[in-house]
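# A closer look at the structure
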Amino acid sequence: MPTFHGPRWAYGALAWLTFFVVSHVLLVFFPGDDPTGDGPWSTRAYVIFNVVLISVSAVGAAVVLATVRPGARHLPRWLLLPPLLCGSVLLVIRGVPGMAENLLMVTGVRRGGFAGTDDISTGEFWAGLAINTYFFLGAVLLVGATVSYGRRSARTGPRNAPDPSG
């Protein structure tokens with residue numbers, strides 16, 4: 001049995017993306033005491049940033065769902081594969097360095113990670129580990145869904161090719 005086979009990767013990525021969307025919607029409506037984190041940006045920039053993340057992730061969830069729904073089988077491969085690849089690349093760029101940072105933190109090489117200080121609190125330590133692991137899991141799930149869809153859609157043949165007549 002191939003590792004990247006079937007719809008389970010897509011459903012896992014869909015669950016991850018749904019959680020991401022819901023958590024960021026909650027962050028927009030309940031931002032806490034200082035949503036900007038003492039940064040140079042305004043609350044408006046914080047909201048705009050989160051709305052962009054919500055929008056991109058919601059579209060990603062729809063694309064992932066379209067890869068496994070029978071009603072979406074008529075959609076051409078070239079319409080679904082590029083957004084899957086883009087999302088996979090983005091999550092790998094965020095998730096793999098995050099896992100490397102986890103290794104640095106757990107081994108004690110850099111308790112604060114790549115850019116942090118060595119005197120972080122226990123809460124910051126565990127929060128960093130959790131967030132980095134979360135993004136790594138998202139990368140694994142979306143890459144799995146992308147590879148699975150790529151293999152399944154390649155077997156279906158020319159009906160997924162763009163029409164050269166326009």
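Residues numbered from 1 in each chain as written. Predicted model: local features only at pLDDT ≥ 70, side-chain atom pairs only at ≥ 80, totals over all residues. Heavy atoms only, no water.

### Quick look at the overall build of the chain
Counting its regular elements, the chain contains four helices and zero strands. Overall, the chain shows an N-to-C arrangement of helices and strands of α-α-α-α. Summarising the internal contacts of the chain: among those between residues at least 6 apart in sequence, 68% fall at separations of at least 24. When the accessible surface of the chain is split by element, carbon and sulfur atoms take 72% of a total near 10100 Å². (Helix = DSSP H or I, 4+ residues; strand = E, 2+ residues; numbered from the N terminus. Contact = heavy atoms within 4.5 Å. Areas by Shrake-Rupley, 256 points an atom, 1.4 Å probe, with all protein chains shown as cover.)

### Side note on the packing of helix α3 (residues 77-107) against helix α4 (residues 122-155)
Axis separation between α3 and α4 bottoms out at 7 Å; the angle between their running directions is 150 degrees. Here α4 runs roughly antiparallel to α3, going by the angle between their axes. For the pair α3 and α4, the sense of crossing is left-handed. Here the contact of α3 with α4 is built from residues that sort into 20 nonpolar, 12 polar and three charged. (Axes fitted to C-alpha atoms, helices over the stretch in contact; angles between N-to-C directions. Parallel < 35°, antiparallel > 145°, perpendicular 65-115°, else oblique. Left-handed = near helix turned anticlockwise from the far one by under 90°. Nonpolar A, V, L, I, M, F, W, Y, C, P; charged D, E, K, R; others polar.)

### What about the confidence of the model for the chain?
Taken residue by residue, the chain gives an average pLDDT of 85. The fraction at 70 or more is 90%. The secondary structure element of the chain with the lowest average pLDDT is α4, at 90, and the one with the highest is helix α1 (residues 8-29), at 95. Taken together, the stretch residues 158-166 has pLDDT below 50 and engages in 10 contacts with residues farther than four places along the chain or on a different chain. (pLDDT = per-residue confidence, 0-100.)

### Quick look at a nonpolar patch on the surface
Nonpolar side chains collect at one region of the surface, where Val22, Leu26, Phe29 and Phe30 lie side by side and expose about 460 Å² of accessible area between them. For valine 22, the location among the structural elements is in helix α1. A relative accessible area of 45% means that valine 22 is categorised as partly exposed. (Patch = residues over 30% accessible without salt bridge, like charges linked within 9 Å, V, L, I, M, F, W, Y side chains within 5 Å. Salt bridge = Lys/Arg side-chain N within 4 Å of Asp/Glu carboxyl O. Buried < 20%, exposed > 50% of the residue type's maximum accessible area, 1.4 Å probe, protein only.)

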